[in-house]
Amino acid sequence: MVIGTRWFLFMLALCLWIFRNEGVGITGPSPNTTVNSTVSSSRPKVVKIGVLFTLDSIIGRSAKPAVMAAIEDINSNRSILPGIELQVIFHDTNCNGFLGTMEALQLMENDVVATIGPQSSSIAHVVSHVANELHVPLLSFAATDPTLSALQYPYFVRTTHSDYYQMYAIADFVEYFRWREVIAIFVDDDNGKNGISVLGDALSTKRAKISYKAALPLGANRNDVSDLLSEVNLMESRIYVLHVNPGSGLSIFRVAKQLGMMSNGYVWIATDWLPSVLDSSETPDTDTMNVLEGVVAFRNHIPDTDMKKSLITKLKRRKDKQTSSFNSYAFYAYDSVWLAAYALDIFLNEGGNISFSSDPRLHDNNGSTLHLESLRTFDSGPQYLQTILRTNFTGSSGRIGFDTDRNLIRPAYDILNIVGSGLRRIGYWSNHSSLSVVAPDISYAKSSNHSSKSTQQLYSVIWPGDAKTTPKGWVFPNNGKPLRIAVPNRVSYKELVAKDKSPTGVQGYCIDIFEAALNLLAYPVPRQYILYGNGERNPSYNDLVDQVAQNNFDAAVGDVTIVMNRTRFVDFTQPFMESGLVVVVPVKEEKSSPWSFLKPFTAQMWCVTGAFFLFVGTVVWILEHRLNHEFRGPPRKQLITVFWFSLSTMFFSHRENTVSALGRLVLIIWLFVVLIINSSYTASLTSILTVQQLSTQIEGIDSLISSSQPIGIQDGSFVRKYLTDELHIAESRIVTLKNMEAYIDALQRGPSNGGVVAVVDELPYIEILMANTECKFTTVGQEFTKSGWGFAFQRDSPLAVDMSTAILELSENGDLQRIHDKWLNKKECASNDADSNKLSLKSFWGLFLVCGITCFLALIVFFVRVFCQYTKFIPEHEEADEEIQQPVRRRRRATKTPSFKELIVFVDKREAEIKEILRQKSRKRQRSKSLDDNSNSPV
């Protein structure tokens, strides 16, 4: 429809232009004659360039002096196009699509090699078809419509940045402040619609969206603007993106000011039209700046170079200027003329010719009065176009060059905040560094890319209403509609959520948590609880979530499990209750085994413990044998003493006293080990005797899957789909149970009597079941899924984020646990895993190691001491033997080595006897020494 309208306007303008030429007596060549004004290889004296835009407009008043300055600079510069005068032909489009198209057709009959313009994207769409046919490049410095693509319009060359980049810059800005919905206000023309369409695509990549597109008709009056703003003010979002024409944009802000929409809580983001208006005046009107207080605007980034400053000074000195200041489009217009000149100079230097010829396809052979042959084709247009696209230079607006998609390279924008009476730059955006406080010129000079979210940065923003805190970006709509909250109408586990006669109509654990989280929000939330379900059976929670996704409810509050297939359609809050699937089975009492007393320890633990009893008893006997008469006697008695002492220490009932320091040390360490072993044995045996009362044939989910018996699930739960789709359990095995009483009945009857062998359900439900049945049922195995309960909201609802934050705060301050204790009384039941209560050597090897080291050290000290005594005892013993056998040779020492039997006899002697022998030896030596001294004295 849009294309048909464009062609209709184009053909109508073409007809009027032809009729106008015929009326003034302009005639063209004969229809049957092809005129070829081919220029020779010599360079032409004059080359014409057309200029097509609205002269008396905010953009035109800045662009016209820039174009004239560029023509003068080029003609005065002998290094470019020497000997050629560059002439410019202006045509005014008068801010009218129809008249602008006519002016464009008139411009084309002047044999121009290029056209600077058009300014309007709507006119560019139509004129580009003429340019394609006549091979005349259009160098547009202001048509920013992203749909003016190179494939459809090959002769359209955009010498400014496409709105494609500007919309992605706005999307990054929205994401930076974590907003999720915006309202787009735009003029309903090609530039407005197509730009907002790209904005929607850009926001979708950031998990945001345009919640409403508010289109203004062309030429909208004040009443139209007021009606539209009043409508959007009733909506939820408070983020407005304003993409309109420079001539009518300020009136929208004035109406918004009157409606109170420029106050605290609102966010206004304007595209580059607003800086173009403000930059066109050196001293903006004070009233206008007061209206715009807090607005954020994007402006094409122009590097602050000497060339830019020189051009501004030159433009302000011109006498034909119609504006006191110049916006960014003046620099793009100036560089567009230079681009055409540079490319033309290269084109001519490479041997190109400038020639125009009539197109035989435009001849009218049917005698019509439409003189289409007056439109002539630029013969070398394709070559000149390619030269333009590969031209690269530095202009007043920055680097001029084109990428493979024919877009101007290095797109960048200044992000401005209107504060007081001026514009304050809060950062930049470029497709290289995204949001940054570093100028794009510096960012492009760096080789690395700094576009990660962690490095994005902006300076602080002053928002409307002189607010320094970032607005939430949304409020509840002012249309009197409260939040529609769906609550499952349960018939079981009513502690979680149930119907009530209170004003809210509902109560329960989930409701209290939801209300407590709402109370933590910084804004009121009008709400209405609506029961979902017939009250005769639990509703399907998948259907409940679908109702939220389909906008029948705004949220779902209850025991809604967060599972993957549900997160595809709705947004969940932070889980307020951990959950997971478990297997529940009934328990039966059984008599304890007569050998249950052996189960606390493993076989290895029993063996090591028994060995240490004997080992420690033997060590204590060795240490006490020489000192303690209770550890002496016949061998049989001593053996019995060792065994008795070892075993009696288990009950701390040993009668034998230890007298040696080493024996007491070993005994203290060993009694400590025995104390720990006894305590652990008692605790483990108590646990095992209790657990042994629990018996079941199902040991967990694996054995449940391998069996063929029926399985119970809760009505309305997601468990059925999980068991059939994920665990591939036959549908025929699954039995739906309506309430807790049905659980109890089915489990107690068992599969042989029409019941179920086990129930699979979420852990919170099972904890309530076991608490209410005095632990007649128990869980087996481990949880085989991990999930949680959360509140479901519509996709991209900002309330979901705020509620998640509130739930985390409830968890941190303890309110979450207090609400849990109020509604849910959790009772611990014993596990049925008896083997887990057995104690192994791994738990006690440290104790045994300490005890063993102590025993070995004591033995080493004991035998060292005995050896020292033995070395003193041997000489005395040998001397006594020599006195009996050889009295003549008393001083002769024996060299015979003592036998092992003698050593054992020595060790077996009492300590008192050894000490007495050593004392006697000492006295004998002293007497012998005295006699020797007397015999050696002189007479």
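Anything mentioned here points back to the structure above.
Below is a summary of the structure that appears in this document. Computed from a prediction, not measured in an experiment: that's the story for all the values here.

## Quick notes on the sheet that holds strand 1 (residues 46-53)
And step 1. Pairing is parallel in the open sheet, where five strands are placed in the order 2-1-3-4-5. For this open sheet the edge positions go to strand 2 (85-92) and strand 5 (156-158), each flanked by a neighbour on one side alone. Neighbour-to-neighbour, the strand axes of this sheet turn through a mean angle of 25°, independent of strand direction.
And step 2. Summarising the sheet, strand 1 and strand 3 (residues 114-116) pair through three bridges and their orientation is parallel. Considered in strand 3, the bridge of valine 51 is made with isoleucine 116.
And step 3. Across the sheet, helix 2 (residues 58-76) is in contact with strand 1 and strand 2; its angle to strand 2 comes to roughly 165°.

## What about the nonpolar core?
And step 1. Counting residues in each nonpolar core, the largest one holds 75 residues, and the members touching the most others are Leu81, Leu86, Val113, Phe141, Leu344, Ile354 and Tyr384.
And step 2. In terms of residues, this core owes the most to one element, helix 12 (residues 328-349), which gives 15 residues.
And step 3. Sequence-distant contacts of phenylalanine 141, defined by excluding residues within four places in its chain, comprise Phe53, Ile59, Ala63, Ile116, Thr159, Thr160, Tyr329, Tyr332, Ala333 and Ser336.
And step 4. One finds Ile513, Leu518, Val557 and Met740 within the second-largest nonpolar core, a separate group that totals 52 residues.

## Let's talk about the sheet that holds strand 21 (residues 527-532)
And step 1. Strand order across the open sheet formed by five strands is 21-18-22-31-23, with mixed pairing between neighbours. At either end of the open sheet lies a strand with only one pairing partner, and these are strand 21 and strand 23 (570-572).
And step 2. Sheet analysis places strand 22 (residues 555-556) next to strand 31 (residues 792-794), joined by two bridges and oriented antiparallel. Directly across from alanine 556, in strand 31, lies its bridge partner alanine 792.
And step 3. Along the sheet, helix 15 (residues 509-519) contacts strand 18 (483-488), strand 21 and strand 31; its crossing angle with strand 21, the most-contacted strand, is approximately 160°.

## Examining the environment of arginine 299
And step 1. Mapping arginine 299 onto the fold places it in strand 10 (residues 296-300).
And step 2. Each C-alpha atom of the pair arginine 299 and threonine 271 lies 7.2 Å from the other, and the pair is 28 residues apart in sequence.
And step 3. Those residues in contact with arginine 299 that sit more than four places away from it in its chain are Asp272, Pro275, Asp279, Ala412, Tyr413, Asp414, Leu416, Leu423 and Arg425.

## Quick word on the packing of aromatic side chains
And step 1. A complete count under the given rule lists 32 aromatic pairs for this structure.
And step 2. An angle of 65° between the planes, with centres 5.0 Å apart, marks the rings of phenylalanine 173 and phenylalanine 177 as edge-to-face. The exposure classification of phenylalanine 173 matches that of phenylalanine 177, with both residues buried.
And step 3. Between tyrosine 509 and phenylalanine 576 the ring centres are 6.1 Å apart and the planes differ by 55°, which places this aromatic pair in the tilted class. One end of the pair, tyrosine 509, is in helix 15; the other, phenylalanine 576, is in the loop between strand 23 and strand 24 (577-579), with 67 residues separating them in the sequence. An identical accessibility class is assigned to tyrosine 509 and phenylalanine 576; each is buried.
And step 4. Linked through ring pairs, Phe173, Tyr176, Phe177, Trp179, Phe298 and Trp463 together constitute an aromatic cluster.
And step 5. The ring of phenylalanine 90 carries the charged tip of lysine 64 above its face, separated from the ring centre by 5.7 Å.

## Structural notes on unusual backbone geometry
And step 1. At the junction of glycine 117 and proline 118, the peptide bond is cis and its omega measures out at 0° in the coordinates.
And step 2. One can find proline 118 in the loop between strand 3 and helix 4 (121-134).
And step 3. With phi around 50°, leucine 81 is a residue other than glycine that occupies positive phi space.
And step 4. By secondary structure assignment, the location of leucine 81 is in the loop between helix 2 and strand 2.
And step 5. A positive phi angle is found at asparagine 551, which is not glycine, with a value near 70°.
And step 6. Residue placement: asparagine 551 occurs in the loop between helix 16 (541-549) and strand 22.
And step 7. By relative accessible area, asparagine 551 is classed as partly exposed at 43%.

## Some words on the environment of leucine 581
And step 1. Within the element layout of this structure, leucine 581 appears in strand 25 (residues 581-586).
And step 2. Here leucine 581 falls in the buried class, since its relative accessible area comes to 0%.
And step 3. Measuring from C-alpha to C-alpha, the distance between leucine 581 and proline 764 comes to 9.3 Å, with 183 residues separating the pair along the chain.
And step 4. Excluding its chain neighbours within four sequence positions, the residues that come into contact with leucine 581 are Phe718, Val719, Tyr722, Val760, Asp761, Glu762, Gln782, Glu783, Phe784 and Thr785.

## Description of the packing of helix 15 against helix 26 (residues 815-823)
And step 1. Their axes nearest at 9 Å, the elements helix 15 and helix 26 cross at an angle of 155°. It follows from the interaxial angle that helix 15 and helix 26 lie roughly antiparallel. For helix 15 against helix 26, the interelement crossing comes out right-handed. Judged by residue contacts, Tyr509, Asp512, Ile513 and Ala516 of helix 15 engage Leu816, Ile819, His820, Lys822 and Trp823 from helix 26.
And step 2. The residue inventory of the contact of helix 15 with helix 26, partitioned by class, reads six nonpolar, one polar and two charged.

## Thoughts on helix 8 (residues 249-258)
And step 1. The set of residues buried in helix 8 consists of Gly249, Leu250, Ile252, Phe253, Val255 and Ala256.
And step 2. On its buried face, helix 8 sits against strand 7 (209-216), helix 7 (222-232), strand 8 (239-243), strand 9 (267-270), helix 9 (273-279) and helix 10 (286-291).
And step 3. Glycine 260 sits one or two residues past helix 8 and shows a positive phi near 75°.

Each value, and the rule that gives it
Residues numbered from 1 in each chain as written. Predicted model: local features only at pLDDT ≥ 70, side-chain atom pairs only at ≥ 80, totals over all residues. Heavy atoms only, no water. Pairing = 2+ DSSP bridges. Helix = DSSP H or I, 4+ residues; strand = E, 2+ residues; numbered from the N terminus. Axes fitted to C-alpha atoms, helices over the stretch in contact; angles between N-to-C directions. Contact = heavy atoms within 4.5 Å. Core = buried A, V, L, I, M, F, W, Y, C linked by side-chain atoms within 4.5 Å. Buried < 20%, exposed > 50% of the residue type's maximum accessible area, 1.4 Å probe, protein only. Phe/Tyr/Trp six-rings, centres within 6.5 Å; stacked < 30°, edge-to-face > 60°. Lys NZ or Arg CZ within 6 Å of the ring centre and 35° of its normal. Parallel < 35°, antiparallel > 145°, perpendicular 65-115°, else oblique. Left-handed = near helix turned anticlockwise from the far one by under 90°. Nonpolar A, V, L, I, M, F, W, Y, C, P; charged D, E, K, R; others polar.

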